[in-house]
Amino acid sequence: MTIIIAILQAILLVSIAPLLSGITRKIRAKMHSRTGTSIFQDYYDLVKLWKRCEVKEGGSSIVSRLAPPIFLGSFILLATGLPLVMQACPIPIFGDIITILYLMALPRFMFALASIDSAGSYTAIGGVRELLVGVLIEPSLILVLFVMAVAASSTNVGIMAFSVANLSAYPFVAVVVAGVACAMACYIEMGKLPFDLAEAEQEIQEGPLAAYSGPSLAMMKLGVSLKQLVVASLFVAIFVPFGAAANAAPLELVCGLVAYLVKVLIVFLIASVIENAVMRVRYKFLGRYTWFVMGIASLSLVFLVIGI
């Protein structure tokens, strides 16, 4: 039964990721007093890309060919392991924070490696930006997950969710502060302004995505949308597990699904409003903002050590 739930979770996230991307784009347009494109525009683009022929750059190696499926596949694996509808992880090995951290780092590594492998002169800009964001924010995320692992006495995200839902995660102040730091870290990982993704349309030639076309570009674009949803789901699963099903009863699963969709939609709406209230900055200055997140994550560790 858990395997079926895991597969259905992955299908659900892959299916709605382009829709949530379209909704955030529509919100941005409305806040800028524009009409904007349809919320289903990402689906139209993906269908068109899948139908087109793929053009490969001369001089690029197998790295560029492997990057799109690895990028997309890593987040699909994460989608199968997170406790989204239920409090327990459908596949425990993919719900362990060590596995999660490695699976989140692998797409970033492949994204940057593909930018170097490309023959284009501008693609490396996006790769450098992606690596810099990873170096700046991954320590904060690791620290937050470590605090939660100690507070819940387990590295399994499902047990963390159960502890938070039953208010048994201790110490409480450390958990709350860790939740604040995790929310900020997840916002950055989602690639929202001013920490926008290296493939953002404002970049010259869209960074590494300039080297892709056809199905490979479709996989990369779908992977970017899925990454945002998976990161938001990680925050919701650990710190807002309320409403998730306690067991695999059909009625509880339906209620858990509705609760999950509502929570994720609220997260995306808040992130969209914040994104449109800030301005984009040069990637060299991103460290000035991420130090604040690291400070809050360190504060949660201090509260954990002193037991409050």
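Along each chain, residue indices are assigned from 1 in the same order as the chain's sequence is written. Where local features are concerned, this predicted model is filtered to residues with pLDDT of at least 70; where side-chain atom pairs are given and counted, the filter is 80 or more; whole-chain, interface and lining totals use all residues. Working from all heavy atoms in the structure, the side-chain values ignore hydrogens and water.

Draft legend 1. A look at the overall build of the protein. Secondary structure follows DSSP: runs of H or I at least 4 residues long count as helices, runs of E at least 2 residues long count as strands, and numbering of each begins at the N terminus. When you go through the protein residue by residue, the secondary structure sums to 10 helices and 0 strands. Its helices and strands in sequence order give the protein the pattern α-α-α-α-α-α-α-α-α-α, from N to C terminus. Here the C-alpha radius of gyration of the protein, 19 Å, is about what a compact globule of 308 residues would show, namely 19 Å. Remark: exposure states derive from per-residue accessible area (1.4 Å probe, protein chains only) relative to the maximum for the residue type, with buried under 20%, exposed over 50%, and partly exposed in between. Residue burial in the protein is summarised as follows: out of 308 residues, 52% are buried. Contacts are residue-level and defined by heavy atoms, with any inter-residue pair within 4.5 Å sufficient. Restricting the contact set of the protein to residue pairs at least 6 apart, pairs at least 24 apart contribute 80%. All radius of gyration figures rest on C-alpha atoms, and the globule criterion is 2.2 Å times the number of residues raised to 0.38.

Draft legend 2. Structural view of the packing of aromatic side chains. Working definition: a ring pair exists when centres of Phe, Tyr or Trp rings (six-membered ring for Trp) sit within 6.5 Å. Plane angles under 30 degrees give stacked, over 60 give edge-to-face, the rest tilted. Within the structure shown, the criterion is met by 4 aromatic pairs. Relative to Phe75, the ring of Phe71 lies with its centre 5.6 Å away and its plane at 65°, an arrangement referred to as edge-to-face. In this pair, Phe71 and Phe75 are both assigned in helix α3 (residues 62–81), 4 residues apart and thus about one turn of the helix distant. With relative accessibility at 1%, the residue Phe75 sits in the buried group. Pairing Phe71 with Phe111 gives two aromatic rings, centres 5.9 Å apart and planes at 45°, and the pair type is tilted. One end of the pair, Phe71, is in helix α3; the other, Phe111, is in helix α4 (residues 97–117), and 40 residues separate them in sequence. As far as burial versus exposure is concerned, Phe71 and Phe111 are alike and both buried.

Draft legend 3. View of the state of the cysteines. Two cysteine sulfur atoms form a disulfide, by the criterion used here, when they sit within 2.5 Å. By the definition in use, this model includes 0 disulfides. Free of any disulfide, Cys182 has its nearest neighbouring cysteine sulfur in Cys186, separated by 3.8 Å. Owing to a relative accessible area of 5%, Cys186 belongs among the buried residues under this scheme.

Draft legend 4. Up close: a nonpolar patch on the surface. Residues enter a patch when their relative accessible area is above 30% and they make no salt bridge; the linking distance is 9 Å between like charges and 5 Å between nonpolar side chains (Val, Leu, Ile, Met, Phe, Trp, Tyr). In these tables, accessible area is a Shrake-Rupley quantity obtained with a 1.4 Å probe, and a residue counts as shielded only by the protein chains included in the view. Salt-bridge detection follows one rule: a side-chain nitrogen of Lys or Arg within 4 Å of a carboxyl oxygen of Asp or Glu. Judged by side-chain polarity, Val254, Val258, Val262, Ile266, Ile270, Ile274 and Val278 come together as a nonpolar surface patch covering roughly 570 Å² of accessible area. Mapped onto the elements, Val262 comes out in helix α9 (residues 250–275).

Draft legend 5. Region of the structure containing the pattern of salt bridges. All told, the structure shown has 6 salt bridges when counted by the stated rule. Arg28 is paired through a salt bridge with Glu275; the nearest N and O atoms lie 3.4 Å apart. Of this pair, Arg28 sits in helix α1 (residues 2–31) while Glu275 sits in helix α9, placing them 247 residues apart in sequence. Owing to a relative accessible area of 5%, Glu275 belongs among the buried residues under this scheme. The partner of Glu189 in a salt bridge is Arg108, with the nearest N and O atoms 2.9 Å apart. Taken together, the positions of Glu189 in helix α7 (residues 172–189) and Arg108 in helix α4 put the pair 81 residues apart, joining distant regions of the chain. Summarising the burial analysis for this pair, Glu189 and Arg108 share the class buried. Connected via shared salt-bridge partners are Arg108, Glu138, Glu189 and Lys227.

Draft legend 6. Representation of the nonpolar core in the model. Grouped together as the largest cluster of nonpolar side chains are 80 residues, with contacts concentrated most on Leu13, Met148, Leu229, Ile238 and Phe239. Here this core gets 17 residues from one element, more than from any other, and that element is helix α8 (residues 214–239). Sequence-distant contacts of Leu229, that is, excluding residues within four places in its chain, are made with Leu13, Ile16, Ala17, Leu20, Tyr260, Val264 and Phe268. Buried Ala, Val, Leu, Ile, Met, Phe, Trp, Tyr and Cys residues that are joined via side-chain atoms within 4.5 Å together make up what is termed a nonpolar core. Counting residues in each nonpolar core, the second largest holds 5 residues, with Val85, Met86, Ala245 and Leu253 among its members.

Draft legend 7. Looking closely at the packing of α4 against helix α5 (residues 123–152). Helix axes use the C-alpha atoms of the stretch in contact, all axes being lines fitted to C-alpha atoms, and the angles between their N-to-C directions lie in the range 0 to 180 degrees. α5 packs onto α4 with a crossing angle of 170° between their chain directions and a minimal axis gap of 9 Å. Classified by the angle between their axes, α4 and α5 sit roughly antiparallel to one another. All residues other than Ala, Val, Leu, Ile, Met, Phe, Trp, Tyr, Cys, Pro, Asp, Glu, Lys and Arg, Gly among them, are scored as polar; the first ten of these are nonpolar and the last four charged. Of the residues that constitute the contact of α4 with α5, the class distribution is 13 nonpolar, 5 polar and 3 charged. For classification purposes, angles smaller than 35 degrees are called roughly parallel, those larger than 145 roughly antiparallel, those between 65 and 115 roughly perpendicular, and all remaining angles oblique.

Draft legend 8. Structural view of the layout of surface pockets. The calculated volume of the second largest pocket comes to roughly 410 Å³. Along the walls of the second largest pocket sit 19 residues, with Ala183, Met184, Tyr187, Ile188 and Ile274 positioned nearest its centre. Of all elements in the fold, only α7, α8, α9 and α10 (287–306) reach the threshold of two or more residues within the lining of the second largest pocket. Partitioned by chemical class, the residues of the lining of the second largest pocket number 19 nonpolar, no polar and no charged. Buried and open spaces are told apart on a 1 Å grid over the protein atoms alone, a cavity being a set of points where a 1.4 Å probe fits but cannot get out and a pocket being an open set with protein on both sides within 12 Å along at least five of seven lines. Residues with an atom within 4 Å of a point are the lining residues. Grid points are joined across faces, edges and corners, and a volume is the space filled by probe spheres set on the points.

Draft legend 9. Here's a closer look at the packing of α5 against helix α6 (residues 157–165). The N-to-C vectors of α5 and α6 enclose an angle of 65°; their axes lie 9 Å apart at closest approach. With respect to their mutual orientation, α5 and α6 come out roughly perpendicular. Of the two possible hands of crossing, α5 and α6 adopt the one that is left-handed. Here Leu145, Met148, Ala149 and Ala152 of α5 come into contact with α6, specifically with Ile159, Met160, Ser163 and Val164. Per-class residue counts for the contact of α5 with α6 are 7 nonpolar, 1 polar and no charged. Two helices that cross are described as forming a left-handed crossing if the nearer one is turned anticlockwise from the farther one by less than a right angle, and a right-handed crossing if clockwise.

So yeah, pure geometry; function would need other evidence.
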